[in-house]
Amino acid sequence: MTDAERLERHRRLWTSDHQHLWHPFTQMQDWLAEEPLIVDAAEGVHLVDTKGRRYLDGVSSLWCNVHGHRVKELDDAVRAQLDRVAHSTLLGLASTASIEAAEELLRWTPKGLTRVFFSDAGATAVEVALKMAYQHHQLRGDTGRSEFVALRGGYHGDTLGSVAVGGIDLFHRIFKPLLFPVHHAPQPYCYRCPLGKERASCHLECVDAVEQVFAERRGKVAALVLEPLVQGADGMITQPPGYLKRLRELCDREGALLVCDEVATGFGRTGTMFAVEQEGVLPDLMTVAKGITGGYLPLAATLATERVFESFLGPYPDQKTFFHGHTYCGNPLACAAAVASLNLFRSRRILEALPGQVAALSRALAAAAEHPRVGEVRQRGLMVGIELVRDRRTKEPYPYAARAGDRACREARALGAVLRPLGNVLVLMPPLAMTEAQLGELAGIALTALDRATGALDRELAA
Ligand code: PMP
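Residues numbered from 1 in each chain as written. Predicted model: local features only at pLDDT ≥ 70, side-chain atom pairs only at ≥ 80, totals over all residues.

So what's going on with the environment of Ile174? Which residues, and what values?
Locating Ile174 in the fold gives a position in the loop between helix H8 (169-172) and strand E6 (182-185). A tally of 10 C-beta atoms within 10 Å means that Ile174 is categorised as exposed. Counting along the chain gives 155 residues from Ile174 to Gln19, while the straight-line C-alpha distance between them is 27 Å. (Helix = DSSP H or I, 4+ residues; strand = E, 2+ residues; numbered from the N terminus. Buried ≥ 20, exposed ≤ 12 C-beta atoms within 10 Å, placed from the backbone.)

This is the structure in structure tokens:
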């Protein structure tokens, strides 16, 4: 293709996108006013756009392409599955690919989780978990347990059930009249502790606050739902050590189930295969998606303990069926990708290499942590949030409308990396496949980008 042909194709696609597509989580009026970056191809940890430019994929597409792109083993596995069957249902039939995927998944997930319910997105996996938790108690005769407790700042997907347990005002407030009531406890946001504590004098009062919510709803709570270790979408809010463990104990005392949403944290992201491992916690239900197929195909799973599963055993027709299913539950192509992706964790010894990469990224981010417009760098494994602030001493945030994070990401793009912000937080979620040198390059771009963006913003705000 000549340069002129490439540009012509780019312009045609740009026009067509603006005429036909409605982008998720996107203010469309802004979108229509700007030239889009159109991804045309990818290679390893780089994305290639329709103009032929290459970018480091700093957020693993949407936190999912853990091995990067065009990975031979994944490509081959999907092609091999295409030669067998692309799709068959799990309603009334079994399939080789889904059996193999469940077997392989259970080799990696915490011991004690024994059952796999496949679905197609993180949000659907959460819906499944909520309905399972509720029905579990109903079937055991504990019919008063119909309520959920969740955390402010939590994010669990965009279907109505997952929105109900979500706690990000900006995303969830408008839908409130449509939602079932959920009791939201304060979030463990240590940099801006909602309980006014400082790290040095903190005794996990945020756990006491969750206990308080349970005490007020005694015998009524079906489950506590949370993202373990890091609340991702609210800006990579990292939890203090011991927090999750204490909540596990609380659920046990109160007779409620613990649902851990590992959609973002799963598959090596926080330095261990699953975040719950770091607290030695076994959830009753655990949701996974994103990295399960290496980001290749839509697949999610809700994992359950035998105890939960057994509540659903009983002779027909006593309403013990779990009335939930999607057309693409356990899609064989996606399952084949999942098996291949999990095999890569073994053959490439990914978890063994992670500590080195995590340390390299943290060294590369040290300069960012010192930047006068950075309030805090939060890192768990290869999951990073850089919170931009107008005033480091007072922690005064940039006004939301100033779009500090967004502006830093534009600068990053010009420097050759694709990033996506969460409000004033610059997010790095690199593929686990990034080398230490590439992680260093990414952190360097992030630092230059945030320096340029905040510099320009400060000048504008001062004018
Ligand atoms: N739970 C968590 C913790 C997530 O981060 C996300 C997606 N970012 C979801 C659920 C929803 O997953 P999906 O977008 O696949 O529906």
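Back to the text.
Please set out the sheet that holds strand E3 (residues 54-57) residue by residue, giving values where relevant.
Across the sheet, which stays open at both edges, the four strands sit in the order E1-E2-E3-E16 with mixed pairing between neighbours. Single-partner strands in this sheet number two, and they are strand E1 (39-43) and strand E16 (417-418). Where strand E2 (residues 46-49) and E3 come together, three bridges link them in antiparallel fashion. Looking at E3, one finds that Leu47 is bridged to Tyr55. (Pairing = 2+ DSSP bridges.)

Describe in detail the sheet that holds strand E4 (residues 113-119), supporting the description with residues and values.
Pairing in this open sheet of seven strands is mixed, and the strands run E4-E12-E11-E10-E7-E5-E6 from one edge to the other. This sheet does not close on itself; its edge strands, each paired only once, are E4 and E6. Here the average twist between neighbouring strands, direction ignored, is 20°. Examined bridge by bridge, E4 and strand E12 (residues 300-305) share six bridges and lie antiparallel to one another. (Axes fitted to C-alpha atoms, helices over the stretch in contact; angles between N-to-C directions.)

If you had to explain the site of the ligand to someone new, which residues and values would you point to?
In the neighbourhood of the ligand, 14 residues make up the surrounding shell, with Gly122, Ala123, Gly157, Val263 and Ala264 lying closest. Ranked by residues supplied to the shell around the ligand, first place goes to helix H6 (residues 122-139) with three residues. Of the residues assigned to the shell around the ligand, the class counts are eight nonpolar, four polar and two charged. (Near = placed C-beta within 6 Å. Nonpolar A, V, L, I, M, F, W, Y, C, P; charged D, E, K, R; others polar.)

I'd like a description of the packing of helix H9 (residues 205-216) against helix H10 (residues 243-254), backed by residues and values.
Packing of H9 against H10 brings their axes to within 10 Å, and their N-to-C directions diverge by 20°. The angle between H9 and H10 falls in the class roughly parallel. You can see that H9 and H10 cross each other, and the crossing is right-handed. The segment H9 lies against H10, with Val207, Val210, Glu211 and Phe214 engaging Tyr243, Arg246, Leu247, Leu250 and Glu254. Residue composition of the contact of H9 with H10, grouped by class: six nonpolar, no polar and three charged. (Parallel < 35°, antiparallel > 145°, perpendicular 65-115°, else oblique. Left-handed = near helix turned anticlockwise from the far one by under 90°. Contact = placed C-beta atoms within 7 Å.)

I'd like to hear about helix H15 (residues 404-415), residue by residue, with values.
Taking 1.5 Å of rise per residue, the 12 residues of H15 would be expected to cover 16 Å, and the 17 Å separating its terminal C-alpha atoms lies within 8% of that figure. By the burial criterion, the buried members of H15 are Ala404, Gly405, Arg407, Ala408, Cys409, Glu411 and Ala412. Check the buried side of H15 and you find it contacts strand E14 (383-391), E16, strand E17 (421-422), strand E18 (425-428) and helix H16 (436-462). Taken from the residues just after H15, Gly416 is the one with a positive phi, measuring 100°. (Expected span 1.5 Å × (residues − 1).)

Could you give me a rundown of the pairing of E2, with the residues and numbers involved?
Bridge count between E1 and E2: four bridges; the pairing is antiparallel. Bridge assignment links Glu43 to a residue of E2, and that residue is His46. What sits between the antiparallel neighbours E1 and E2 is a turn of two residues, in which Gly44 has the positive phi angle 60°.

Explain helix H4 (residues 72-82) residue by residue, including any values.
Looking only at H4, the buried set comprises Leu74, Ala77 and Gln81. When H4 is viewed along its axis, its buried side chains cluster within an angular range of 65° and face the same direction. In H4, those exposed residues whose orientation departs by more than 90 degrees from the buried face are Lys72, Asp76, Arg79, Ala80 and Leu82. Where H4 is buried, its residues touch helix H5 (96-108) and helix H12 (332-347). (Arc of directions from axis to C-beta.)

So what's going on with the domain arrangement of the protein chain? Residues and values would help.
Here the domain parsing of the protein chain yields domain 1 (37-70 + 350-462) and domain 2 (73-347). One C-alpha centre belongs to domain 1, the other to domain 2, and the line joining them spans 27 Å. Taken together, the contact between domain 1 and domain 2 spans 28 residues of the former and 24 residues of the latter. Those elements giving two or more residues to the side of domain 1 that touches domain 2 turn out to be helix H3 (60-63), helix H13 (350-364), strand E13 (374-380), E14 and E18. (Domains from an automatic or database assignment.)

I'd like a description of the nonpolar core, backed by residues and values.
Ala223, Ala446 and Leu450 are the most contacted members of the largest nonpolar core, which has 130 residues in total. A per-element tally of this core places H12 first, with 11 residues. Domain assignment of the residues forming this core places at least three in each of domain 1 (37-70 + 350-462) and domain 2 (73-347). Beyond its immediate chain neighbours, meaning those up to four positions away, Leu450 contacts Ala368, His371, Arg373, Val374, Ile386, Leu388, Ala408 and Leu426. (Core = buried A, V, L, I, M, F, W, Y, C linked by C-beta atoms within 7 Å.)

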